[in-house]
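Here are the chains, one letter per residue:
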Amino acid sequence: LIGALYHEIGTHAIRRVNYEKQPWYKKKTRYGFISYLETEEGLATLHSLIPKSFPLAYPAARQYIAVALAQQHGFADTYKQLQKYIQDPERRWKITFRQKRGIKDTSQAGGFSKDLLYFSGLIKVFSWLQDHQYNPTQLYFGKMALEDVEHAVELNPDFQPLLPSFYLSSPKKYAQSLIKIGQENFFTEAL
């Protein structure tokens, strides 16, 4: 539950509140901002791991694999190939169904690809935070991609964003939590 709160309130809601205070609010295209979804979901997924005793990114990685398989295979083959990652048949069915929902002919390759962003975003955001001494302040200027952070700061350099309590209460503990997540998931070795 706490992880879900960090994800939804501590990331999505707070970034939205800060976004509404920006000069580029509802004008991202005019200001040249790109899609923020990968950064948004990556940061939220990373934050959802903070309160966990075993902060493994396995579910996000599993979804990434499910998307990759669904893009190349039909429903039955995707379900079958996911067995090496998901032993429980009911859970495997739900994940395969999620990837193939909305497709008229599920025997064809293709599917819902948004789930790629949770894991790819997680890796990119972790790397950005590692390069910025685990300080997420600039990421909270609003709903924007990592690539637009500097631009957002230039547009509103004196802005003091609202930040989540799990960071404000102890930036040091926040950094330690992220370092642990990086070590547990081998991000620090891969980056």
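Residues numbered from 1 in each chain as written. Predicted model: local features only at pLDDT ≥ 70, side-chain atom pairs only at ≥ 80, totals over all residues. Heavy atoms only, no water.

1. Considering the overall build of the chain
Check the secondary structure of the chain and you find 11 helices and 0 strands. At 18 Å, the chain has a C-alpha radius of gyration in line with the 16 Å of a compact globule built from 191 residues. Viewed in the frame of its principal axes, the chain has a C-alpha envelope of about 55 × 40 × 30 Å. Counting only residues that meet the buried cut, the chain has 45% of its 191 residues in that class. (Helix = DSSP H or I, 4+ residues; strand = E, 2+ residues; numbered from the N terminus. Rg over C-alpha atoms; globule rule 2.2 N^0.38 Å. Buried < 20%, exposed > 50% of the residue type's maximum accessible area, 1.4 Å probe, protein only.)

2. Remarks on the packing of helix 1 (residues 2–19) against helix 3 (residues 37–49)
Relative orientation of the contacting elements helix 1 and helix 3 amounts to 145°, with a least axis distance of 7 Å. The interaxial crossing formed by helix 1 with helix 3 has right-handed handedness. Here G3, Y6, H7, T11, H12 and R15 of helix 1 come into contact with helix 3, specifically with T39, E40, E41, L43, A44, T45, H47 and S48. Split into classes, the residues belonging to the contact of helix 1 with helix 3 amount to 3 nonpolar, 8 polar and 3 charged. (Axes fitted to C-alpha atoms, helices over the stretch in contact; angles between N-to-C directions. Left-handed = near helix turned anticlockwise from the far one by under 90°. Contact = heavy atoms within 4.5 Å. Nonpolar A, V, L, I, M, F, W, Y, C, P; charged D, E, K, R; others polar.)

3. Points about helix 7 (residues 116–131)
Here helix 7 is 16 residues long and its end C-alpha atoms lie 23 Å apart, about the 22 Å a rise of 1.5 Å per residue gives. Turning to helix 7, its buried residues are Y118, F119, S120, G121, L122, V125, F126, W128 and L129. As for helix 7, its buried residues are in contact with helix 1, helix 3, helix 4 (58–72), helix 8 (149–155), helix 10 (171–184) and helix 11 (187–190). Backbone geometry just downstream of helix 7 places Q133 in the positive-phi region, at approximately 55°. (Expected span 1.5 Å × (residues − 1).)

4. Here's the deal with the packing of aromatic side chains
One pass over the full model with this rule turns up 12 aromatic pairs. A ring pair is formed by F75 and W93, whose centres lie 4.8 Å apart and whose planes are at 65°; its orientation type is edge-to-face. Residue F75 is located in helix 5 (residues 75–81), and its partner W93 is located in helix 6 (residues 89–100); the two are separated by 18 residues in the primary sequence. Residue classification places F75 among the buried positions, given a relative accessible area of 14%. An angle of 85° between the planes, with centres 5.1 Å apart, marks the rings of Y167 and Y174 as edge-to-face. Accessibility classification places Y167 together with Y174 in one group, the buried group. Among the aromatic residues, those joined into a ring-pair cluster are Y6, F166, Y167 and Y174. Here K28 stacks its cationic end above the ring of Y19, 4.8 Å away from the centre of that ring. The positively charged end of R101 is found above the aromatic ring belonging to F112, 3.7 Å away from the centroid. (Phe/Tyr/Trp six-rings, centres within 6.5 Å; stacked < 30°, edge-to-face > 60°. Lys NZ or Arg CZ within 6 Å of the ring centre and 35° of its normal.)

Read these as spatial facts, not as claims about activity.
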